[in-house]
Amino acid sequence: MKVTVVGTGYVGLVSGACLSEVGNDVLCLDLNPDKIRILEEGGIPIYEPGLQEMVRRNVQAGRLRFTTDIDRAVHHGTIQFIAVGTPPDEDGSADMRYVLAAARNIGQRMTDYKVVVDKSTVPVGTADRVNEAIGEELRKRGVQTPYSVVSNPEFLKEGAAVDDFMRPDRIIVGASDEQAIHLMRALYSPFQRNHERLIVTDVRSAELTKYAANAMLATRISFMNELANLAEKLGADIEMVRQGIGSDPRIGYHFLYPGCGYGGSCFPKDVKALIKTAADEADIDLQVLTAVEAANDAQKHVLGRKIQSRLGQDLKGRHFAVWGLAFKPNTDDMREAPSLALLDDLLGAGATVTAYDPVAMHEAQRVVAGRDGVSYAKTPNEALEGADALVIVTEWKEFRSPDFDLIKAKLKQPLIVDGRNLYDPAFVRGQGFEYLPIGR
């Protein structure tokens, strides 16, 4: 099938690469010439395990191409995926400029039947707006070219996006046009050979499903973080509590790990957007999600609070080693990362920091550019030199079994503040460390 993907960010590039991997003829459009140049030279503008190899393989096979030419992109694909960014506006709502601009571009140029697919995470009602934008452009041209607008939200985890696309839990297609549904079933048939995973809904239900999924996961995280803070005060161990409640099949073990807050491009943005949509479109105050957001904002400062509780409010002259900067492992994404809140807390109290991340260092330097007091190490152990404490923010695998004797030798004092509960408290304390995890 001929497929056009508008946007080469996480969602667009992963979708385009995976669709070409199963034999489709895919053309990815991006108006940023630097991104297209990187892609045509065999690189990728983001870090995602397995993606670069897949892109190169399909470019060499001629199934995956890139362009900045809107005319070429619109004429190429019968199916047109819109996978552009929907960044939050100042009021928390999703910024729809890029989605609607992509829709208008299609309406201005299309000459035959198109299935226009909203792949970006968008508020309920966006398909109606996309439909109207395309229809308006067709009316301006005085033509009646047929088209259909479909909602097909993505459920990709950063760090595992390729695997999630190739082996999906479910494929949600929101549509009412039978021809569009038929084409979407054909497009996704290679990804559900084992059993049927495609669920057809009305468009608005599909749009809400994406927000509901992310809001539910964010709720579980904030709930466990609040329980962890309580367990710490009551002398309970949140890990034992996690096992106790996770063994209930109605609850399960997923997303029950406490830590220093959630971040990234999805959960914070989508929770805000759903709260805003409910208030503006339905005059409903989503009290649970408002609390989820507030709890997460507070949790991002839990490491700073622990450090200042232990070492004092004034941290002038103190130096800290920080392991992990990305909001989660296996990505270089720094958006809404808890590490940024920690840096604000430490630097604001007068401390200095040496940070290490196996992937996100370059992105961190861009995001934190201009801040005094932050330096970067080439290895985890290099970051430890002369530090008053080690602070763990991201649960990268390489941090799970460190040389504790080496850590103790390099730190000024044997103090570990662990925002991801990587280690067994009894073992670490038995090595002579003061160990401050979350809820244990």
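Above this note sits the structure.
A brief report on the enclosed structure follows.

Rules used throughout
Residues numbered from 1 in each chain as written. Predicted model: local features only at pLDDT ≥ 70, side-chain atom pairs only at ≥ 80, totals over all residues. Heavy atoms only, no water. Core = buried A, V, L, I, M, F, W, Y, C linked by side-chain atoms within 4.5 Å. Buried < 20%, exposed > 50% of the residue type's maximum accessible area, 1.4 Å probe, protein only. Contact = heavy atoms within 4.5 Å. Helix = DSSP H or I, 4+ residues; strand = E, 2+ residues; numbered from the N terminus. Expected span 1.5 Å × (residues − 1). Polar contact = N/O pair within 3.5 Å; in protein donor to acceptor, adjacent residues only side chain to side chain. Salt bridge = Lys/Arg side-chain N within 4 Å of Asp/Glu carboxyl O. Axes fitted to C-alpha atoms, helices over the stretch in contact; angles between N-to-C directions. Left-handed = near helix turned anticlockwise from the far one by under 90°. Nonpolar A, V, L, I, M, F, W, Y, C, P; charged D, E, K, R; others polar.

**Side note on the nonpolar core**
Right, on to step 1. Judged by nonpolar contacts, the single largest core of 55 residues is most densely connected at Leu303, Ile307, Phe320, Trp323, Leu390, Val391 and Tyr423.
Right, on to step 2. With sequence-adjacent residues up to four places away left out, leucine 303 is seen in contact with Cys260, Leu342, Val391, Ile392, Val393, Val417, Asp418, Gly419 and Ile438.
Right, on to step 3. By size, the runner-up hydrophobic cluster in this structure holds 42 residues, among which are Val3, Leu51, Val55 and Ala175.

**Some remarks on helix H9 (residues 203-234)**
Right, on to step 1. The end-to-end C-alpha distance of H9, which contains 32 residues, comes to 47 Å, matching closely the 46 Å that a straight helix rising 1.5 Å per residue would cover.
Right, on to step 2. The N-terminus of H9 is capped by aspartate 202, whose side-chain oxygen sits 3.3 Å from the backbone nitrogen of arginine 204.
Right, on to step 3. After H9 finishes, the residue glycine 235 shows a positive phi value of roughly 80 degrees.

**Here we look at the pattern of salt bridges**
Right, on to step 1. Applying the stated criterion to the full structure yields 32 salt bridges.
Right, on to step 2. Between arginine 185 and glutamate 196 there is a salt bridge; the shortest N-O distance is 3.1 Å. Here arginine 185 is found in helix H8 (residues 178-188), whereas its partner glutamate 196 is found in the loop between H8 and strand E8 (198-201), with eleven residues between them in sequence.
Right, on to step 3. Between glutamate 239 and arginine 242 there is a salt bridge; the shortest N-O distance is 2.8 Å. Placement of both glutamate 239 and arginine 242 in helix H10 (residues 238-246) is noted, with a separation of three residues, approximately one turn of the helix.
Right, on to step 4. When its relative accessible area of 8% is taken as the criterion, arginine 242 is described as buried.
Right, on to step 5. Connected via shared salt-bridge partners are Lys2, Asp25 and Arg65.

**Some remarks on the packing of helix H11 (residues 267-282) against helix H12 (residues 287-299)**
Right, on to step 1. The contact between H11 and H12 brings their axes to 10 Å, and the two run at 145 degrees. Considering only the axes of H11 and H12, their crossing is left-handed. The segment H11 lies against H12, with Val271, Lys272, Leu274 and Ile275 engaging Leu289, Thr290 and Glu293.
Right, on to step 2. Among the residues making up the contact of H11 with H12, the classes are represented as four nonpolar, one polar and two charged.

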